[in-house]
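Structural overview for review
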There are 2 protein chains.
Amino acid sequence: MKKGKITIKDVAEYASVSPATVSRVLNDYKWINSEVKERVQKAIDELHYVPDFTAKAMVRGRSQVVVVIVPIIDNHFFTQLINTVIQEMKKYGYYVVVYTTESADEECSFLGSSICQMADGILDATSLKELSPLQNVKKPMVLIDRYFEGNTTIDCVMNRNYEALYQGTEYLIRHGHNKIAFLVGAEGHGIAEERIRGFRDGLQAHGLPWREEYFIQDCWKTKAGIRYASRLLELPDPPTAIIAGNNTLTTGVLEAVRNHGMTPGGDISMIGFEECDEDVQAFARHGITSFRLDTSAIASCAVKLLLNRMEQSGKRAGARVEALELNFIERTSVCAPSL
Amino acid sequence: MKKGKITIKDVAEYASVSPATVSRVLNDYKWINSEVKERVQKAIDELHYVPDFTAKAMVRGRSQVVVVIVPIIDNHFFTQLINTVIQEMKKYGYYVVVYTTESADEECSFLGSSICQMADGILDATSLKELSPLQNVKKPMVLIDRYFEGNTTIDCVMNRNYEALYQGTEYLIRHGHNKIAFLVGAEGHGIAEERIRGFRDGLQAHGLPWREEYFIQDCWKTKAGIRYASRLLELPDPPTAIIAGNNTLTTGVLEAVRNHGMTPGGDISMIGFEECDEDVQAFARHGITSFRLDTSAIASCAVKLLLNRMEQSGKRAGARVEALELNFIERTSVCAPSL
DNA sequence: CTGAAAGCGCTAACAT
DNA sequence: ATGTTAGCGCTTTCAG
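To keep things clear, this report deals only with the structure shown in the data block. No experiment lies behind these values; they were computed from the predicted model shown.

What follows covers unusual backbone geometry. A positive phi angle, close to 55°, is found at S16 of chain A, a residue other than glycine. Relative to the elements of secondary structure, S16 of chain A occurs in the loop between helix 1 (8-14) and helix 2 (19-26).

Following this line, the structure appears as structure tokens:
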């Protein structure tokens, strides 16, 4: 064997055909003499020829690579998302570059990097608050689990957060609660706002007042959840039910409730969110009634949208926005308020 | 603006220089007229020029991309690993393709794919049992958390599993135990075997017999851990201490112990493994004495080794094997055996 | 059905 | 200090 790597030329020579023919075999072009085809295949195998990725990508203008961007957060929601994306994309012959962003600025510069330029598409659980930098991206792109008011240009997969909170609030009211607290984080890139809106409208629809002391918006951390839930429980006129705005806060509320010697569904009612498999197990054990996010479904849906976009790249049909149902899992953490 | 994408030629024209000069500015070559440099930079900015990834990679023979291969397992060890790798690699200007393998065969064919051919290096938490297919890979490669007997060719990062188990066994013996059980999985790609060896030698060094009924090797699942630990506890002559072979089994053993109305460090002693942040929190709460894997350290070390290999690619200096210390976290789950 | 040749966008000698 | 030129390895007309 010679020095350098084996190219299509070497294979061609070895099989006594032209490079063009080898290329045709490689991309199984239909009308090739089957005897020639075999000979070429043999050459490929014997020389252990592997087509050059860069050359192929350059000349075809497609790389079979997609980029997934996630914020650098320890929530398993994202890791599960990535897993599903990788496996789904694999089915269609795509490889996945994973990138974690630490800030909006960093994300912007990454979006303008040559790796994004070479990718065929981008899946973005963006950290940006503004839509405009995203609209400059020329690649097919799908936003994951993000809500932008009035977005009509970029494809998007998210959950019916508004509906879920509305429904959850109603559910509590139907069970006789009228002192309902809601704990939520900031920085949800639209999702916190949607959940708050659902809660507010749920109360309003049933004529319940908005009580400032029952609404806490700060951050998504479990520790904060414990602290704020404790504060709620120690109020002179405490709520009879608490809604936790995401999975980590649910864990926090649960912990606070137990620290106070109370039982969810006994002395107090609560509704939570479960976003990962771990949550499901933990919350089921404690009978927490909650909304389940189907992470795999979100990922699959995003992949589907992106593939679709990539096929008909160019056509600028308006943004498709998929809003997935949140599954309401009724367990035992909601009871009638104890008087 | 014209139709197609903007190339280095367009920039050159716009700035009235040659493409070569633009290229020099791009790769900040030292001896360029600063006035020209500015003009070129302005052209780049104004035209929103982004260098073509494929062309650059092709001509330079380097892509700034590395591949990370992990088995498709839900253990957070791997997700944490990937996170660290991405962030570390980012510092050095590398992007990361993540690939999850479902079988050894699939991994082999992936290793021979053109994406691996284009990557500058590979980080592999391999699913392979044999070393030989890996030895055929021509790219710089580092194996993660894998042990291959007699490997002298491929760089490798792993933990001192043998030493940990030896130490743990001794620790129990020093506390007066002589009926020590060990629960471990199969399919550890060398790591199960190393831990078993450490346990065996630990017993032997102190003249304790190997008792078949105290040794269970099946799988790594928590459920199996619960089942087998229960079986151990219900033995006519039960062990006074149990060592769990990894994090999920530790969870299982803990659960079984509690199901039997026992307390770790009270009625029974146990030692576990904590491999992720979640484990640390959960085990700390229950006072589980255990060995801590520093996932980030493993990842960083692997990245370091790989970068090193990539720099001096070509030089076939023998394999470097880094074996990281496992941190023994002494808590309260080990006491003297109750007689 | 197959071969010849042009060129994708860039870098790296080699000139100047 | 900058321009000219020759490819990198592949696909894809265009001829035959």
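It is worth spelling out the sheet that holds strand 7 (residues 215-218) of chain B at this point. Note: strands within a sheet are paired through backbone hydrogen bonds, in either parallel or antiparallel orientation. All names here are of chain B. The six strands lie next to each other as 7-6-8-9-10-12, forming an open sheet whose pairing is mixed. Strands with a single pairing partner mark the edges of an open sheet, and in this sheet they are strand 7 and strand 12 (327-329). On average, adjacent strands in this sheet sit at an angle of 15° to one another, irrespective of strand direction. Sheet topology note: the strand 6 (residues 180-185)/strand 8 (residues 241-244) ladder contains four bridges and is parallel. Pairing of A181 across the sheet is with I242, part of strand 8. With respect to the sheet, helix 9 (residues 161-174) is in contact with strand 6, strand 8, strand 9 (269-274), strand 10 (289-292) and strand 12, its orientation differing from that of strand 9 by roughly 160°.

This next bit is on the protein's contact with DNA strand D. If you check the shell around DNA strand D, you find 27 residues, and the closest are I8 and Y49 of chain A together with T21, R24 and N33 of chain B. Among the atoms of DNA strand D lying within 4 Å of the protein, the sugar-phosphate backbone contributes 64%. Note that a phosphate oxygen of DNA strand D is positioned 2.8 Å from one of the side-chain N or O atoms of S23 of chain A. Only helix 2 and helix 4 (53-60) of chain A together with helix 2 (19-26) and helix 4 (53-60) of chain B provide two or more residues apiece to the surface near DNA strand D.

Let us look at the environment of Q41 of chain A. Note on placement: Q41 of chain A falls in helix 3 (residues 34-47). Note: C-alpha distance between Q41 of chain A and V25 of chain A (16 residues apart in sequence) is 7.5 Å.

Conventions used here
Residues numbered from 1 in each chain as written. Chains lettered and ligands numbered in written order. Predicted model: local features only at pLDDT ≥ 70, side-chain atom pairs only at ≥ 80, totals over all residues. Heavy atoms only, no water. Helix = DSSP H or I, 4+ residues; strand = E, 2+ residues; numbered from the N terminus. Pairing = 2+ DSSP bridges. Axes fitted to C-alpha atoms, helices over the stretch in contact; angles between N-to-C directions. Contact = heavy atoms within 4.5 Å. Near = heavy atom within 4 Å. Polar contact = N/O pair within 3.5 Å; in protein donor to acceptor, adjacent residues only side chain to side chain.

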